[in-house]
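Architecture at a glance
Listed here are the chains, written in short residue letters.
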Amino acid sequence: MPTSEQDLLNTMPEQNSTSKRSLRNRLILAGIGILLLVGIVLGIALGVTHSRSNNDPSRTFLTWDGKTVDLKIKKDNKYKNSLYGLNYGPVNATWPSCGNTLGDVIEDIKVLSQLTRRIRLYGMDCNMVNYTLLAVEYLNLDVSVIPTIWVDNNETTYKRQHDDLIANLNQHGFKHIEGISVGNEVLFREEISKDELFRRIGDVRKEVHALPGGGNVPVFTSDLGSKVGQEFVATSDVVFANVHPYFAGISAEAGTNWTITFFEQNDSYFADKQKKPSVIAEVGWPTEGLSNKKAVASIENLNTFLNRFICFANEKKYKYFWFEAYDTPWKTQRFTILEGSWGLFYPDLTLKPGVNIPDCPPTAPNIDTL
């Protein structure tokens, strides 16, 4: 059986050289045509595959336990878009045992986007930022994200998270980036020097502003409100201060007045002097754990403080990020049940019974607006 062009030619009757050359040319052209056709088909197939893997809403997403995730947001009347911002960390996203999936984060964002249009993250590991931005993009949401490079005394951790931030900015751009934080409570933990932290903030700012679209993105750090001062403000584009009435031993009923007074006297005071915007980076209430003087951890007190603080802050145009979206089991395991019990939700996306999200939309502008 003929197996090649030459075999085919050899089985044909004797012809003159012109006929043979003509047949050979036709066979060559036919072969080229077939190769081109195969290339086009493969190109289309690969293009479709690439499209589905990146931005086709028909692709399948799975949670960590194998449940299928869709891209339809089911509105829940219990949820109100009343929070200026919300602190969020995906469940099972703790380095190095990263158990979170893109599907898990999509499910989270489907819920959280009904409460706020600003989400603040605490690190880069376990695809935390990448998955959050992908979820926002796939769901086509008007939600902004504040990524954080986690900063401690481990240089390897910092380099890994720094490089991941830059990679994510190159991949996703700045459409959904409202600001970038370099560390959280680094001055409080005293794991690196103040000068080193401020140097890193400056370095990250230069890198971010050099990227296409990143020229006006604010770069800053966040820390306890008591750590804010002139040098802190000078280093940050926006002043992010964590203010917790619980740790001051204040009751839930008096928490709003104490929080605003402390913030104005210790944080926005210094920010105003340098004409910089200020944000309450963390404010919240725990539902379990030891009491602290008049501060008692309970769902009832969470609900009291939540409803009083949120509506007052929104009416007066204060910027804040509620702490936090979900309880964090890893903090309970590593520290105490108090540390892991600040969520509005349990880790399984269940709103804590008795928690009532107030209906009073935020009125404050973006974080970098005075």
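Everything discussed here concerns the structure shown above.
The present account deals with the structure reproduced in this document. Everything numeric here is computed off the predicted structure, so don't read it as measured data.

Regarding the overall build of the chain
Across its full length, the chain holds 12 helices and 13 strands. For the chain, the residues scored as buried account for 49% of the 370 residues in total. Partitioning the intrachain contacts of the chain with sequence separation of at least 6 by distance along the chain shows that 73% fall at a separation of at least 24. Of the roughly 18000 Å² that the chain leaves accessible, carbon and sulfur atoms contribute 55%.

Some thoughts on the pairing of strand 10 (residues 219-224)
Along strand 10, 5 of the 6 residues are buried, which leaves the element largely enclosed by surrounding structure. With 3 bridges joining them, strand 9 (residues 180-184) and strand 10 adopt parallel strand pairing. In the strand pairing of strand 10, Ile180 is matched with Val219.

A short note on the pattern of salt bridges
Tallied over the full model, the rule gives 17 salt bridges. Among the salt bridges present, the one from Glu191 reaches Arg189, with a minimum N-O distance of 2.9 Å. With a relative accessible area of 31%, Glu191 lands in the partly exposed category. Of the residues examined, Arg189 reaches a relative accessible area of 24% and is grouped as partly exposed. Across the pair Arg199 and Asp203 runs a salt bridge whose closest N-O atoms are separated by 2.5 Å. Note that Arg199 and Asp203 are positioned in helix 7 (residues 194-210) at a spacing of 4 residues, about one turn of the helix. Residue classification places Arg199 among the partly exposed positions, given a relative accessible area of 42%. We classify Asp203 as partly exposed; its relative accessible area is 30%.

Criteria and cut-off values
Residues numbered from 1 in each chain as written. Predicted model: local features only at pLDDT ≥ 70, side-chain atom pairs only at ≥ 80, totals over all residues. Heavy atoms only, no water. Helix = DSSP H or I, 4+ residues; strand = E, 2+ residues; numbered from the N terminus. Buried < 20%, exposed > 50% of the residue type's maximum accessible area, 1.4 Å probe, protein only. Contact = heavy atoms within 4.5 Å. Areas by Shrake-Rupley, 256 points an atom, 1.4 Å probe, with all protein chains shown as cover. Pairing = 2+ DSSP bridges. Salt bridge = Lys/Arg side-chain N within 4 Å of Asp/Glu carboxyl O.

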